[in-house]
Structure formats: C-alpha cells, structure tokens
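# Results of the structural survey
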Amino acid sequence: MNKHVNCFNLHAYSLIIKHIRSHQNMKLKFLVRKNIFNLTKYSCARDEFKGKASVYLDANENPYNQPYNRYPDPLQYSLRKKIAKSKKIYTDQVMLANGSDEAIDLAFRIFCEPGQDNVVAIEPTYGMYKVVADINNVEYKKVLLDKNFQLDAKKILNKTNQFTKLIFLCSPNNPSGNLLNKIEITKIISIFQGIVIIDEAYIDFSGQNSWLVDLNKYSNLIVFQTFSKAWGMASIRCGLVFASKKIIYFFNKIKYPYNISLLTQNFINKQLDKESKKNEWIKIILSQRELLIKSLKTMTNIVEEVYHSDANFLLVKVKNSNYTYNELTKKGIIVRNRSSVLLCDNCLRITIGTENENKILIETLKNLK
Ligand SMILES: *Cc1c(COP(=O)(O)O)cnc(C)c1O
C-alpha cells in the first residue's frame, strides 16, 4: 500500500473494505443455491493429506505403474499457480474445468435452482449456454443483438427479474465474431445484482485486454477462457474459470474431484512454457484473416457481406448459404452453416485455417458458379 496513506485514510479504507466484504458475503449466500452453499464436499485422500510422504497407503492405488498409478492433485495447485502468475492474478482466483463445457454446467449448478431461477443471454451466441440451461431445467431468456451484433445494456437488464442469477455474454461473440461493446458490458456488471459471465474463448485474437484486468473491481464477474482455441489444445479439454476467490471456492467445491487428469496437467504445464509459439500462431492466423477477408470481398457473385471479426473465424453472408455450403462439402471443405440462427440468414461461419487451407477454400469458391 502507498506509504503516504495516513492513519485516518487507512481506517476509512479498512471500513470500506469490510463493508464491501460483508456485502459480497451476503450477496453470494443469496445467489448460491442453498444445497450447494450447505454442501459437505467430497473429501478425497489427496485432500486430507497434502505434503510429501515416502509411503502412500491412503488411496487404494496400485503401487506399480508410476506415475499414473496415483490420483492427481484434485486442485491442480502447481498448474493453477503457474497460470495465475502469467495472468497476474491470485491462484485462488482460477479454477480448471474439463473444457468450458464443464465450466458452463458448474455455473448453472452452483447458482440456478432448477424450475425456479433463470438466466439471460444475448442472441445469437454460443449454443452450449442454452443446451446446458435445458439440461438443468433452468429458463433461458434471449435478448436479440442489433444488426451489428452489438448489445444494449438496458434491454438486457430489463429482461432480468428477481430470479435471474446469471447473464451470459460472449466477447468476441460466436458466431458473429465481434467484440461486445465495453461500455455496455460495464453498465451490466455494475448494475446487475447477480453474476455476469463473460466468455473469452477468442480473446487472444481480438487485440483487446481481457476482462481479467477488472477481476478485482467486480465481485460478480466470472471470466471464462479456454486452451481450445489460440493455444491449439481443443482435444485435451481444459477450460479456465476466473473470478473472486469466494466464487472460485464454489466451482472447486462441486466439480468432480479429479476432473483434470495428470496427463493433461503435465501437458499444459509444458505448453505454457511455449507461449511464444502460441503468439506466433495468432500472428499468422490474424494475417490470414485479413487475406481471407480481402479475397471474399472480391467475390461479389457469391458473397454479400463479410462481418467484422475479432476472432479466428469469419461470419460471411452469402447469396445462398445452402448452395455454397453443399458445394464446398462436395469438395471436402467443411464450414459451418449458420443460416438457421437469428440475424444470421444465409450466413456461413468459416474458421481461419493454414495458408494452404485458406488458398484451397478461396480457389474452390472462385470456381463456383
Ligand atoms: C469454442 C468455444 C469455447 C470452448 O469450449 P471448450 O469446451 O473449452 O472447448 C467456449 N466458448 C465459446 C463461445 C466457444 O466458441
């Protein structure tokens, strides 16, 4: 703390902090489902004894086949510590999930009472939020984005009621590809009394700061990130949840004890040392994105509009999405047909591939009628 803060200010400061803390406690107790708040969490052998020992006879493991005979650290302490350091946050502000899919499901199960509570989300957006809401029997309320795929804080807040526990925002958004307006998001986080989740699966492609820099400012903010996109590790299934220590506590409380295998923990640990590789990939993908945009914009016989992208994919409005989609498929090129999604009439979602893959796509499109 600043040396020049005098005693009076220090006292006032601690009072404010105390007030905020008790306010947070109250709020979370109010927001978390009662059964989860009161839950006695499963206690595994590795929870009870932490340090290092020479003889482990506590978990009914097979003593042979080192090191995979042993249960992994359920709280992935060393890996979370390393991630926290690189993100400039505390270790107890991060939780590791089996992909963002698990993170989404845990958020519903922590906060939303089935058949009673609801969540509010933008539309169009990532399809998993709605599916997980349905699985958990939680009402899912959509607020349509505008023509530029931007959100209006007022509209979203107006959709909430006393049973709204979560607001889902996705920035950059999938399938539109754009970052959501920061000022509108700030209004939502500041005014909404429940939890705001910002899914940043594509943040590394955006050139904008993550909301992580504001993690300490907003006690109701949860940020999701993932190793599936910029890090190129979709197959290992690891998603990241960032929030206050108090919120992270509940994610770790209800997850399956060993949700991240030792193979995965070790692999990520090694990959984290090669962050420069990830940054190189991002650079290439971004320059390929610009090339692809340029080429698509010249194809005025097929392409109606290429939407602005802050992600590693493009949403492209074509004259006839089913025709273009089918023709590409026949040539062995698979893109995502999003034409049935609201505001995405005749839209294809195209992931940026390697230079060669993008060339094949462009050549194929040029040769279509
Ligand atoms: C791809 C994607 C994810 C990643 O999900 P994982 O389960 O971590 O692979 C998360 N959110 C959005 C919006 C995505 O498009």
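Computed from a predicted model, the values in this text were never measured in an experiment. (Residues numbered from 1 in each chain as written. Predicted model: local features only at pLDDT ≥ 70, side-chain atom pairs only at ≥ 80, totals over all residues. Heavy atoms only, no water.)

### As for helix H8 (residues 182-191)
- Here H8 has its buried residues at Glu184, Ile185, Ile188 and Ile189. What you see down the axis of H8 is that its buried residues fit within an arc of 135 degrees, all on one side. The exposed residues of H8 that point more than 90 degrees off its buried face are Ile183 and Ile191.
- Each element contacted by the buried residues of H8 is listed here: helix H7 (153-159), strand S4 (164-170), strand S5 (195-199) and strand S6 (221-226). (Buried < 20%, exposed > 50% of the residue type's maximum accessible area, 1.4 Å probe, protein only. Helix = DSSP H or I, 4+ residues; strand = E, 2+ residues; numbered from the N terminus. Arc of directions from axis to C-beta. Contact = heavy atoms within 4.5 Å.)

### Focus on the site of the ligand
- If you check the shell around the ligand, you find 14 residues, and the closest are Tyr202, Thr226, Ser228, Lys229 and Arg237.
- Measuring from an oxygen atom of the ligand, one finds a backbone N or O atom of aspartate 101 at 3.3 Å.
- In isolation the ligand has 390 Å² of accessible area, and contact with the protein removes 93% of it.
- At three residues, helix H5 (residues 99-111) tops the list of elements feeding residues into the shell around the ligand. (Near = heavy atom within 4 Å. Polar contact = N/O pair within 3.5 Å; in protein donor to acceptor, adjacent residues only side chain to side chain. Areas by Shrake-Rupley, 256 points an atom, 1.4 Å probe, with all protein chains shown as cover.)

### Some points on the pairing of strand S1 (residues 94-97)
- Of the two faces of S1, the one holding Val94 and Leu96 and the one holding Met95 and Ala97 are both buried throughout.
- Sheet topology places S1 next to strand S7 (residues 239-242); four bridges connect them, and they run antiparallel. Note on S7: the bridge partner recorded for alanine 97 is glycine 239. (Pairing = 2+ DSSP bridges.)

### Overview of the environment of alanine 103
- Examined against the element boundaries, alanine 103 turns out to sit in helix H5.
- By relative accessible area, alanine 103 is classed as buried at 1%.
- For the pair alanine 103 and leucine 240, spaced 137 residues apart in the sequence, the C-alpha separation amounts to 7.6 Å.
- With sequence-adjacent residues up to four places away left out, alanine 103 is seen in contact with Ala97, Phe224, Val241 and Phe251.

### Overview of unusual backbone geometry
- With an omega of -5 degrees, the peptide bond between glutamine 66 and proline 67 qualifies as cis.
- The phi dihedral of leucine 343 is positive, around 70 degrees, even though this residue is not glycine.
- Mapped onto the secondary structure, leucine 343 falls in the loop between strand S10 (336-337) and strand S11 (347-351).
- What makes leucine 343 partly exposed here is its relative accessible area of 30%.
- A positive phi is found at asparagine 346, a non-glycine position, where the angle reads about 55 degrees.

### Side note on the sheet that holds strand S9 (residues 313-318)
- As summarised here, the arrangement of the four strands in space is S8-S9-S11-S10, forming an open sheet in which the pairing is antiparallel. Edge strands, defined here as strands with exactly one partner in the open sheet, are strand S8 (303-306) and S10.
- Pairing analysis gives two bridges linking S10 to S11, with the strands arranged antiparallel. Paired with asparagine 337 across the two strands is leucine 348, which belongs to S11.
- Relative to the sheet, helix H11 (residues 275-298) contacts S8, S9 and S11, its axis offset from that of S9 by approximately 5 degrees.
- Strands S9, S10 and S11 of the sheet are contacted by helix H12 (residues 321-330), whose axis makes an angle of about 35 degrees with S11. (Axes fitted to C-alpha atoms, helices over the stretch in contact; angles between N-to-C directions.)

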